[in-house]
Each structure stands twice: as C-alpha cells, then as structure tokens.
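Single-letter residue listing:
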Amino acid sequence: MSIKTSTLNLKQRMQQSLSNSFLRASIANAQDWINQKRETCYAELGHFEQWRDLAADIRSHVLDNLDYYLDQFARNAQKAGSTVHFAENAGEALRIASEIFQQKKAKKAVKSKSMVTEEIGLNEALEEMGVEIVETDLGEYLLQVDGKDKPSHIVVPALHKNRQRIREVLAEQKGYKGDDVPENMTRFVRKILREAFLSADIGITGCNFAIAETGAVALMTNEGNGRFATSIPKTHIVFMGMERVAPTFEELDILFSMLARSAVGARASVYMSLLTGPRAKTDADGPEELHIIIIDNGRSKVLSSPFKDVLRCIRCGSCMLECPAFRHVGGHGYGALYSGPLGAALVPVLGGYKAHWDITQICSLCGACNDVCPVRIPLYESILEHRRIIAEDEKLTSWIQDAAFSQYGNVIGNPAIYTAATKLTRLGNLAPRVGPLKEWAKAREIPKIPNERFRDWFAKRKGTDNDNA
Amino acid sequence: MTTREQFIGTVRKALGRSELPAAPVPLAYRHTVHTDVMKGSDQDELARVFMDCSKEIGANVFETTKERLNDTIRQAIEQCRPGAVIAANDPLLKELGPALASATNRMVRFWNAGAPREEMVRFAEEAAVGIAVAKLALAESATVLFFSHEGCGRSVTLLPESNVYIIPKSLIRPRLTQGMAFVRKHKDHLPSSVNFVSGPSATSDIELVRVVGVHGPVRISHIVVHDM
C-alpha cells in the first residue's frame, strides 16, 4: 500500500461508502461510543485546554528543533546498541529493510500495527521477497486474512466488518468452527498468532515516540502484540516517521497521557514500553539486534510548508471520530491511507495536489476537529488553505467550477446585475435537476424559492403595520 | 544510502537553518496540571485509588501484609489454570520460593538469565502463572512498572496466561508523571525493556466489544502489600 489507496474518483468513492449501510452504522456507533468515553475520561482528568496547551507546546518545540533532536536521538540510540538507518523515501526504507531480511536469512516476520509501514508499502515488498509477514494487531490480522482488505480507521482498523463477516472469514481461511462471539474469535486468533510470534525471525513495529535524550523507542499497545514483536524474535526493526521525537521521558508523560485518552478514552494503554537498544548480554530474552529506520518520505517537505503544524499529529484519530463527514464516508472514502481531517490536511502535501486534491473536498469546514485535537493542529484552516492553493496556484479545479465562480463574482460585484438576477431566482424552481442539484436532490428535498425577494417583502412591509402587535 | 549528515541536513534546510543548532533551551511548561493530580494524597489514598482503578480495568485485587504475603500469593494462584509458575528472580520472591512451591503444590521456577534463551521462553510460554514485583505503581491508571532486566525477563510478564504482581504500597505514586520522572532518573542505567502495564491485555477490534486477554496475559492479580 502507499498513500493512495483507491483508483476510484471522489464521486465513485462517495457512492461506494454511502451505499454501505453497515459501514455507516458502525462508524456512527464508533464515533458516539468512543467520543463519549473520551469526554468522560477528560472530564475526570480536568483542565483539557491546559493539557493540550502542554502537548501542543511540546510537539511544536520538537518540530522547531527537529534537526537537533533527531541528531541527538540517532546518536544516543546508536550508543545504546541500536543500528540507526536513514531513509529519504519509501524506496530507500524498503531497500534497507530487505537487506536486513537477507542478512538474517529471515523467512517470517510478525508485525505490530504501524501506519508508516503501510505508507511505504512494506508488506507487499516483503511478500515479493518471499517473506511471510503476519499482521498481529487483531483488527489488522482480520483485514489481512480477509483478502488484504484496507484499514478504515487508524485506531480500529476493521471497524467496517461485523462479527458475522469476521466469523465467516476465520472459518473459510483458518478453519474456525466456533460462534461469532468476539471473545471466542479472539481466543482462536490468540492461539494462531502465539505460534507466529514464537516462530518469527523478525519483529516489526512502528514507533509512537522516540526519546532523544536516551535513544529509546516508546510504544503504546493494548493487545500485547507490540511486546511480543519486540521480545521474542531475534531481530527487531522499528519503522519511524522522522517527526516522532520527544526530548525526554518527561515530555513523553504528557504525550502518552493525551494519546491514550484521545485515541480510545482510556487513562492509559495496557502496555507502554520503552525500548533502549537490543537486549543486554545478561538478558535471556529480547532481540539480539535492534534496527531503527528513520523515514522522511515527504515529511521535510511538510516541515518547510505552511502546513508544518500538521506534523504535530500523534495519530490518535480523534479528529476522525469527531468529523461529520467521516461519519458518512468512513476511512475508505478518502482514498488515502490517512483519512479524516488529518488526512485532508496532510495527504495533499505528502502525496501531491495532483493525485490528492479531491481529499480536501470531504470537509464542511465546521471546525469540530480543531476542538478535540490534543495537539491543537489548525486542521480546518489547513484544509481551507489547501483549497485555495488548489484553485489559485495549482489551478486544478474544473473549468465549469471556475466559470461558475467567476460568473458569481460578476453578479455579486454589480448592483444592477445583482438586483436583476435575484429577481429572477424564482425561475430556479423550473431549473432541471442536473449536476450538483441532482446530487443534492437525491436524498433531500430542494426548498421552493419564494416568488418575492426578502428585500422587496421587507421594503413593502416597512411602516405599514406595527411589527410587534 | 542516506547518511545521518545528509538526512539531518535536509531537515535543517527545511527549518531554514544553515547549521545544526546548539541544544535548544528546554521547553518551559505553561501549566502544572500534570503535577497537580492527587497532589498531597497520602499512601492510603493512593492505594485506594490504585485498587479501585485496578478493579475497573479488570484486574483482581488482594490486600495483604508482608507476613501473610505467601498465603495471599497462593490464593491468587489458586484461581489460575493448573501449571507451573515462573517467578522473577527478585530477592523478595526468592525468600518466599520454597514455601511458595509447597504451598501451591506447583513447580516454581525462577527466571534464569544464564539459561539458554529458547529454554526460558519455552518455559514461560508453558507456565500458567508469572509472578513479578513492581518497581513502581501508578494510582490513576492502576499501572505497574517493570524493569525487564536479567532478573525478570520480558517473557515473565507477557507469556503466561496469568500474571500476579506484587505491589509494595509505599511504591504507589499518583500518575504517569511520577512514573516517567522515575524512569528518567534512572536513564543512565535503564534495562533494554521497561514496561508500564495496566491490567490484562485487551482489544475492542471486533464491533468495539471489549475483550480481555488477547496476546498478553488474560488474568492479572494485583497484590498490594501494606507494610512494604
């Protein structure tokens, strides 16, 4: 997979998402449920605005000094015994990974959920080399078993599947014979994956945060797969987006405190692991080698752009859960790996306007995302700015849209034409339902335009009766 | 391949700088909301919050004294499936060792960093219960801190179906803020794996139904020892 996840155009993706009633119901349910949990959790903690001041300050401070902190992290990680690699783009990251696999003669890898590995298309590349790569996050595993389906949410990737479908898939692909109770299906997968963990040559994880002061990699997981991938295989490879740095463990406190609450409405995740180098000679378990691949892949471009603040993101997914557009189209509708308001703000810079201009259209600019973002990213302002760039600088909007807006400008800018045009709006009732009007009218009734303009009605009414009678 | 200099150089240019800056002035926090949580609470209060939260996240809770600890561990283990016990090589547990084996009528083996890797992992995988002693505990989220070093491998708190954690009451702190400060204080001698563990492993990946026990332990017992 890469950043682009669909070959369909915006309209086709919308139709696909909107016609999937199960998907829409489960996303609405997830939004309501997790949002409620998150609110309760923050209410209990108190001072949400102050907490997010701290988290935003930390992330901004890191981005402003990213060159320094990255250098410090890399040096300290190396000192701790890790091997640090640098990859400018996806291709380079994959080359580094494949060399490690060849060196280790590795045939099997277990992977704990990581967005950046999806971004660079790691699974596909390793499979081409003949490596068996097993997703071990329960949701990701279910997607992988179901014909390599794609995640629809960054925290709950299999949100679009119901228990019946999951039972079917496990029965067809893995010989599961039980019922569709989530607990029983989870136990079944536990057994299968336990074997995978014990037999894998390499463990693969992402990196929630990298601690500059010590060279430690910090991971937040709930299922335990992250701990397995970093404890049992003899080699551990960390794929790290270059912006994921925190200066010290003390800043990590604030970031983890926010991440657990914003992502799933919990006070803490089950496991918060701090991994500093490979195992010591005196340890019996843990990886003998720890490789950290630090990946740019467009991030330095974001850093020097007006959208730098988007890199503050800690991947909690709360903007998606709050977004009314996401509620209807789900993750797949965005056609990109990162969806929701974050996706609309980030993807055009990472993947280019030409391929991704349309993602910025999936937003009503309501600003609900800004209100919940734990690191105060100006999300809807970024999306609006993208739209300006798309129209004015990149000129990617259609000629029909340009013509319509230029016509609108002419009407609005000339009082005589404006008066004449507004007097004629009633003719709009006769307009054929085509184009955007047709789309709009599909699920809604188009209101009838009254025969009289408000201004005319008001002028007539003025002074004719006592208004408040 | 991109070298560190090249990579950092690109970042530096993106930030509009011509050379790597000196260490930045550490960030000054605008608020104290993180250090204010449960400020001034005594150990009794912290223990109460810790135990309440433990129950909420699905851990079994026991309270005991040092003298009765062996008996309490036995009670906690009795609830687990039959099978061997793997214990951290901790002075406290070592002291209890032989008595524990006879009291529970189970094979008790201590983590041995000198033994071959495969042997220790296999034993932990087959064991029914893992026992470990907390390095620190956090009241707010019922979190227990472990340093996974030679005395207590990563496997002890990960592979067995059940885990029993011994938490001296005096080691309970308000929240992650104190936990991370503790880790930072030990930064020069940190083991390769440090884990904050909050209850049994869990997921909500199928229809958002919370299921306890995914890859890590299914059952967790917190034993709070009052006079330690």
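Residues numbered from 1 in each chain as written. Chains lettered and ligands numbered in written order. Predicted model: local features only at pLDDT ≥ 70, side-chain atom pairs only at ≥ 80, totals over all residues.

1. A few points about the environment of G428 of chain A
Residues and elements named next belong to chain A.
Turning to step 1, where the next piece is worked out: Note on placement: G428 falls in the loop between α21 (415–424) and α22 (435–443).
Turning to step 2, where the next piece is worked out: Taking the number of C-beta atoms within 10 Å as the measure of exposure, G428 has 11 and is therefore exposed.
Turning to step 3, where the next piece is worked out: Put simply, G428 and A246 are 182 residues apart on the chain and 57 Å apart in space, counted from C-alpha to C-alpha. (Helix = DSSP H or I, 4+ residues; strand = E, 2+ residues; numbered from the N terminus. Buried ≥ 20, exposed ≤ 12 C-beta atoms within 10 Å, placed from the backbone.)

2. As for the sheet that holds strand β4 (residues 202–205) of chain A
Hydrogen bonds along the backbone pair up the strands of a sheet, which may run parallel or antiparallel.
Residues and elements named next belong to chain A.
Turning to step 1, where the next piece is worked out: The strand order β1-β10-β7-β4-β2-β3 describes an open sheet built from six strands, whose pairing is parallel. Two strands bound the open sheet, and with one partner strand each, they are β1 (83–87) and β3 (132–135). Adjacent strand axes in the sheet meet at a mean angle of 20 degrees, parallel and antiparallel pairs treated alike. (Pairing = 2+ DSSP bridges. Axes fitted to C-alpha atoms, helices over the stretch in contact; angles between N-to-C directions.)

3. Describing the sheet that holds strand β1 (residues 60–64) of chain B
Residue and element names in this part refer to chain B.
Turning to step 1, where the next piece is worked out: Spatial ordering of the open sheet is given by β1-β12-β7-β4-β2-β3, a layout of six strands whose pairing is parallel. Every other strand in the sheet has two partners, leaving β1 and β3 (108–110) as the edge strands with one partner each. On average, each strand axis in the sheet is inclined to that of its neighbour by 20 degrees, with strand direction left out of account.
Turning to step 2, where the next piece is worked out: Alignment of strand β2 (residues 85–87) against strand β4 (residues 129–133), held across three bridges, turns out to be parallel. Considered in β4, the bridge of V85 is made with V129.
Turning to step 3, where the next piece is worked out: The strands touched by helix α5 (residues 91–104) within the sheet are β2, β3, β4 and β7 (162–168), with β3 carrying the most contacts at an inclination of about 160 degrees. (Contact = placed C-beta atoms within 7 Å.)

4. Overview of the domain arrangement of chain A
Turning to step 1, where the next piece is worked out: The domain architecture assigned to chain A consists of domain 1 (10–300), domain 2 (309–393) and domain 3 (415–461).
Turning to step 2, where the next piece is worked out: Here domain 1 of chain A and domain 3 of chain A have C-alpha centroids that lie 52 Å from each other. (Domains from an automatic or database assignment.)

5. Some details on the interface of chain A and chain B
Turning to step 1, where the next piece is worked out: Opposite the 77 residues of chain A that make contact, chain B presents 68 residues.
Turning to step 2, where the next piece is worked out: Pairing between strand β9 (residues 271–275) of chain A and strand β9 (residues 193–197) of chain B: five bridges, direction antiparallel. Across the sheet, the residue bridging to Y271 of chain A is V197 of chain B, located in β9 of chain B.

6. Some points on helix α16 (residues 340–351) of chain A
Residue and element names in this part refer to chain A.
Turning to step 1, where the next piece is worked out: Along its twelve residues, α16 runs 16 Å from first to last C-alpha, staying within 8% of the 16 Å computed at 1.5 Å per residue.
Turning to step 2, where the next piece is worked out: Counting buried positions over the twelve residues of α16 gives eleven, a clear majority of the element.
Turning to step 3, where the next piece is worked out: Those residues of α16 that sit buried are G340, P341, L342, G343, A344, A345, L346, V347, P348, V349 and L350.
Turning to step 4, where the next piece is worked out: Buried residues in α16 make contact with α13 (299–303), α14 (318–322), α15 (324–329), α17 (353–356), α18 (368–372) and α19 (379–393).
Turning to step 5, where the next piece is worked out: One or two steps after α16, the chain reaches G352, where phi turns positive at roughly 95 degrees. (Expected span 1.5 Å × (residues − 1).)

7. A look at helix α4 (residues 69–78) of chain B
Since the α-helix packs 3.6 residues into each turn, any two residues three or four apart lie on the same face.
Residues and elements named next belong to chain B.
Turning to step 1, where the next piece is worked out: Within α4 the residues assigned to the buried category are L69, I73, A76 and I77. Within α4, the buried residues cover an arc of 95 degrees as seen down the axis, which keeps them to one side. The exposed residues of α4 that point more than 90 degrees off its buried face are D71 and E78.
Turning to step 2, where the next piece is worked out: Its buried side turned inward, α4 meets β1, β2, α5, β4, β7 and β12 (219–225). (Arc of directions from axis to C-beta.)

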